[in-house]
Amino acid sequence: MKKEIANWGNYPVMESDEKKFSFIADIQHSIQNASPFIPRGNGRCYGDASLAPVTINTVKFDKILSFDKVNGIFECESGIILDQVLEVIVPQGWFLPVTPGTKFITIGGAVASDVHGKNHHVDGCFSHHVEEMDILLADGTLVACGPQNNTDLFEATCGGMGLTGVITRVRFRLKKIETSYIRQKQVKAANLEEVLRLFDEYKDYTYSVAWIDCLKKGNGFGRSILILGEHAAISDLTEQQKKDPLRLPKKKQIPFPFNLPSWVLNTFTVKAFNFLYYGKNLKKEINNIVNYEPFFYPLDAILHWNRGYGKKGFIQYQFVVPMESKQGLIEILQRISDKGLGSFLAVLKVFGPQESLIGFPMEGYTLALDIPVRKGLFDILDELDKIVLQYGGRLYMSKDARMKPDVLQAGYPHLPRFRSILKKYDPQGRIRSMQSDRLLLTPHNPA
Amino acid sequence: MPTVLILGASSDMAIAIAKRFAKAGYDIQLAARTASRLQPLQSDLSIRYGIKATLHEFDAEKPLQHPEFFQSLTPKPDTTICVFGYLGNQELATTDWKECERIIAVNYTGAVAILNVVAEYYVSQGKGTIAGISSVAGERGRMSNYFYGSAKAGFTAYLSGLRNRLFHQKVHVLSVQPGFVYTRMTEGMPLPKPLTATPEQVAETVYGGVMKKKNVVYVKWFWRWIMLVIKTIPESMFKKLKL
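This structure is a prediction, so every number in the text was calculated from the model and none was measured.

Caption draft 1: Structural detail: the overall build of chain B. Across its full length, chain B holds nine helices and nine strands. Against the compact-globule benchmark of 18 Å for 243 residues, chain B has a radius of gyration of 18 Å, which places it among compact chains. If one aligns the C-alpha atoms of chain B with their principal axes, the spans along those axes are about 55 × 40 × 35 Å. The buried share of chain B, reckoned over its 243 residues, is 44%. In chain B, once contacts between residues fewer than 6 apart in sequence are set aside, the share between residues at least 24 apart is 65%.

Below is the structure:
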């Protein structure tokens, strides 16, 4: 049955026949007859990556296959969401090796987007912790791959936006923890110069990210709050907390009840928010112990927060520029500030080195901001893209809903090889998404 | 540790019911055709909930094998939940006896055959719980699905009679009457959202019904009243409707 679906940015919307399944056998038949199709998890990428006329939805394909509690190895079907994984592993003293800012993505999605977290500079992307996985190819065959076997398929699947096939099984390594708490440090930075210096000063911290005020001009340009964290040891906890050091946080979600009219978010309200957010930390530095939930997933507490950006949806713009292109970061931030593209959620992070076929991160600075869709926005973003490319950077496909094919081409040097791997495993070009069509990643007129 | 047997364990409803009971600490016996494909569910239940889950080959359409099947279970389940069902193709079944017979065989004959065996065992023990997932479709025959509906009507009447008899033997029998449910069985059907339950809601109702020793439970309370209204329409009027 066809119905309208969209991803987290609520833009764009597409009519799709969404097929759910609990067993591989149920889907093998469907994919042999569906064309074109794209795998889809919980729909938490932002743009059009998991939209197609037929979508193979994995959310019911969510079983845990094995969990080695001694060595921290977890194996599961691809549709399980991180939240469910955490519920099982945290009480046993293990944590996700890499987690993005929401726990409502599937493990399959984490691989397909090759997600990064606040610990990228230390632990790399999610795929660095994957030992093996199974991919259901377009012709219905199931192929295992990993860093040692069928490496071309493995590389093209990590960050490959689902274009190699349906990821069905993933086995990955976990991170050992003593407690479910985080030793958090927040440091205020008066401007961009200072926050970049602080990132360097605190680079030994496992987790680091900065909230940045994109609208402030003058001396306070780029003022930020740097948020750092380490998994807390038992000795860091209070007597009360020590009684149950691996406690799972209580589940509570406040729903965002309706779409806010899009005019609510404007330069004035964002400036006011930024003023309050920056001002709420009265001291230069705050040190405390918090549960992992508010540290990693502050926005998950609000169900449907994407409704805050109105019915027309929003774009999350995320780019990375290499370390030596600090000037590029400054230029783009200036442009954002000039154009008033302020966002409640502008996040700055320093990535560590990474070599991958199609993954997003590279050693350098990454900035992500949410902007409501409005007239003229795409022209402004096209201009920003030019600056990103000029400084040797690229955009994140999981967030993208609008970049031009040449921007992708210029940002991802290994694209020809990626395309040839896709062709090898799906010669008829039957796995396609609205995004892969838009970016000319897949042939429009398959044989 | 109490054990629950789930008959027809590969459906969405059955998976949700298995999870609900596992969460409460029950060991789970999963019975289905080609049970080996339920291995992922087996590992999932034992890892998530720290219980013991086992797989058992069972075919509702082979009633003669049912005594042997039940014989093979160790331990014997404290609670048995009969979840399997087959909606079938109503239109095809009007002319194709095989299809029609299958609807009857799965929804009625097969259910009666296995529950007879289970009931006798529970009577011999003087304890036990049987829950049968029937359907509101069995409460009045309608043109759109009267093969499925009549088979479920038979099953509903069977459960009611069984409850009447086993009450005196201290065995609890629960009838579960779901309305519309979002499952693989109904995928692609345009179901009215406010009236439709999720498999998890069914599971919660079944679990609650077993715990509170209820007789008949509806999934989503208003179905009881909707069906009451549908049952009170005089036949002279009902036959003119296209339901």
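Caption draft 2: Fine view of the overall build of chain A. Across its full length, chain A holds 14 helices and 21 strands. For chain A, the C-alpha radius of gyration of 21 Å lies close to 22 Å, the compact-globule estimate for 447 residues. With respect to the principal axes defined by its C-alpha atoms, chain A has extents near 60 × 55 × 45 Å. In chain A, which comprises 447 residues, the proportion classed as buried is 49%. Counting contacts in chain A only where the partners sit at least 6 residues apart, residues at least 24 apart contribute 74% of the total.

Caption draft 3: Expanded view of the nonpolar core. Formed by 123 residues in total, the largest nonpolar core has its most connected members in A:Val85, A:Ile89 and A:Val111. At six residues, strand β18 (residues 314-322) of chain A tops the list of elements feeding residues into this core. Discounting chain neighbours no more than four positions away, the residues touching A:Val85 are A:Phe74, A:Ile80, A:Leu96 and A:Ile107. Core analysis: the second largest hydrophobic core is formed by 68 residues, B:Ile6, B:Cys82, B:Ala111 and B:Val173 among them.

Caption draft 4: Up close: the packing of helix α1 (residues 12-23) of chain B against helix α7 (residues 199-211) of chain B. Residues and elements named next belong to chain B. Where α1 contacts α7, the axes come no closer than 8 Å and their chain directions differ by 50 degrees. For the element pair α1 / α7, the angle class is oblique. The element α1 and its partner α7 pack so that their crossing is right-handed. Along its contact with α1, which presents Asp-12, Met-13, Ile-15, Ala-16, Ile-17, Lys-19, Arg-20 and Phe-21, the element α7 presents Pro-199, Glu-200, Val-202, Ala-203, Glu-204, Val-206 and Tyr-207. Classifying every residue of the contact of α1 with α7 by side-chain character gives ten nonpolar, no polar and five charged.

Caption draft 5: How the structure looks around the environment of A:Glu383. All names here are of chain A. With respect to the helices and strands, Glu-383 occurs in helix α11 (residues 377-390). On the basis of neighbour count, Glu-383 is assigned to the partly exposed category, with 13 C-beta atoms found within 10 Å. In this structure, the C-alpha to C-alpha distance between Glu-383 and Arg-335, residues 48 residues apart in sequence, is 9.2 Å.

Caption draft 6: Fine view of the pairing of strand β8 (residues 130-136) of chain A. Residue and element names in this part refer to chain A. In this structure, β8 lies alongside strand β10 (residues 166-173), joined through six bridges in antiparallel fashion. Pairing of Asp-134 across the sheet is with Arg-169, part of β10. Relative to strand β9 (residues 142-145), β8 runs antiparallel, the two sharing four bridges. Paired with Asp-134 across the two strands is Ala-144, which belongs to β9. Connecting β8 to the antiparallel partner β9 that follows it, the hairpin turn spans five residues, and Gly-140 within it adopts a positive phi of roughly 90 degrees.

Caption draft 7: Broad picture of the sheet that holds strand β3 (residues 53-57) of chain B. All names here are of chain B. The seven strands are arranged β3-β2-β1-β4-β5-β6-β9 in an open sheet whose pairing can be described as parallel. Each having just a single partner strand, β3 and β9 (216-218) make up the two edges of the open sheet. On average, adjacent strands in this sheet sit at an angle of 20 degrees to one another, irrespective of strand direction. Where strand β1 (residues 3-7) lies against strand β2 (residues 27-32), five bridges are found, and the strand directions are parallel. Bridging from a neighbouring strand, Val-4 pairs with Ile-28 of β2.

Caption draft 8: Layout of the interface of chain B and chain A. At the junction of the two partners, chain B supplies ten residues and chain A supplies eleven residues. Mapped by element, the contributors of at least two residues to the side of chain B that touches chain A are α1 and α2 (39-49) of chain B. With six residues, the single largest contributor to the side of chain B that touches chain A is α2(B). Of the residues that constitute the side of chain B that touches chain A, the class distribution is four nonpolar, two polar and four charged.

Caption draft 9: Summary view of the confidence of the model for chain B. Of the residues in chain B, 100% reach a pLDDT of 70 or more, and the chain-wide mean stands at 96. Prediction confidence for the complex, expressed as pTM and ipTM, is 0.94 and 0.91 respectively.

Caption draft 10: Structural detail: the sheet that holds strand β3 (residues 37-40) of chain A. Residues and elements named next belong to chain A. Here we have four strands laid out as an open sheet, ordered β1-β2-β4-β3, and mixed in their pairing. Each of the sheet's edge strands pairs with one partner strand only, and the pair in question is β1 (2-6) and β3. Taking each pair of neighbouring strands and ignoring which way they run, the sheet shows an average axis angle of 50 degrees.

Caption draft 11: Expanded view of helix α6 (residues 146-167) of chain B. Residue and element names in this part refer to chain B. Counted at 1.5 Å a residue, the expected span for α6 with its 22 residues is 32 Å, and the 30 Å between its end C-alpha atoms agrees. Every buried residue of α6 is accounted for by Phe-147, Tyr-148, Gly-149, Ala-151, Lys-152, Ala-153, Phe-155, Thr-156, Leu-159 and Leu-162. Of the surrounding secondary structure, the elements contacted by the buried residues of α6 are α4 (90-95), α5 (97-125), β5 (129-133) and β6 (172-177).

Caption draft 12: Quick look at unusual backbone geometry. Each neighbour pair has its own omega, and for A:Tyr11 with A:Pro12 the value is -10 degrees, a cis peptide bond. The step from B:Thr74 to B:Pro75 runs through a cis peptide bond, and the omega angle for that step is -5 degrees. On the secondary structure map, B:Pro75 appears in the loop between α3 (66-71) and β4 (79-82). Phi is positive for A:His304, which is not a glycine, with a value near 60 degrees. Structurally, A:His304 is set in the loop between β17 (302-303) and β18. For A:His304, a count of 15 C-beta atoms within 10 Å puts it in the partly exposed group. Of note in the backbone geometry, B:Lys220 takes a positive phi value of approximately 75 degrees without being a glycine. Structurally, the position occupied by B:Lys220 is in the loop between β9 and α8 (222-232). Assessed through the 19 C-beta atoms surrounding it within 10 Å, B:Lys220 is described here as partly exposed.

Caption draft 13: Highlighting the pairing of strand β14 (residues 224-231) of chain A. All names here are of chain A. In this sheet, β14 lies alongside strand β12 (residues 181-189) in antiparallel orientation, the contact comprising eight bridges. Looking at the pairing, Arg-183 lines up with Glu-230 of β14. Across six bridges, strand β13 (residues 207-212) lies against β14 in antiparallel orientation. Paired with Trp-211 across the bridge in β14 is Ile-225.

Caption draft 14: Region of interest: the environment of B:Tyr182. Residues and elements named next belong to chain B. Of note, Tyr-182 is situated in the loop between β7 (180-181) and β8 (196-197). Put simply, Tyr-182 and Ala-197 are 15 residues apart on the chain and 6.4 Å apart in space, counted from C-alpha to C-alpha. Setting aside its immediate chain neighbours within four residues, Tyr-182 contacts Leu-191, Thr-196 and Thr-198.

The rules behind these values
- Residues numbered from 1 in each chain as written.
- Chains lettered and ligands numbered in written order.
- Predicted model: local features only at pLDDT ≥ 70, side-chain atom pairs only at ≥ 80, totals over all residues.
- Helix = DSSP H or I, 4+ residues; strand = E, 2+ residues; numbered from the N terminus.
- Rg over C-alpha atoms; globule rule 2.2 N^0.38 Å.
- Buried ≥ 20, exposed ≤ 12 C-beta atoms within 10 Å, placed from the backbone.
- Contact = placed C-beta atoms within 7 Å.
- Core = buried A, V, L, I, M, F, W, Y, C linked by C-beta atoms within 7 Å.
- Axes fitted to C-alpha atoms, helices over the stretch in contact; angles between N-to-C directions.
- Parallel < 35°, antiparallel > 145°, perpendicular 65-115°, else oblique.
- Left-handed = near helix turned anticlockwise from the far one by under 90°.
- Nonpolar A, V, L, I, M, F, W, Y, C, P; charged D, E, K, R; others polar.
- Pairing = 2+ DSSP bridges.
- pLDDT = per-residue confidence, 0-100.
- Expected span 1.5 Å × (residues − 1).

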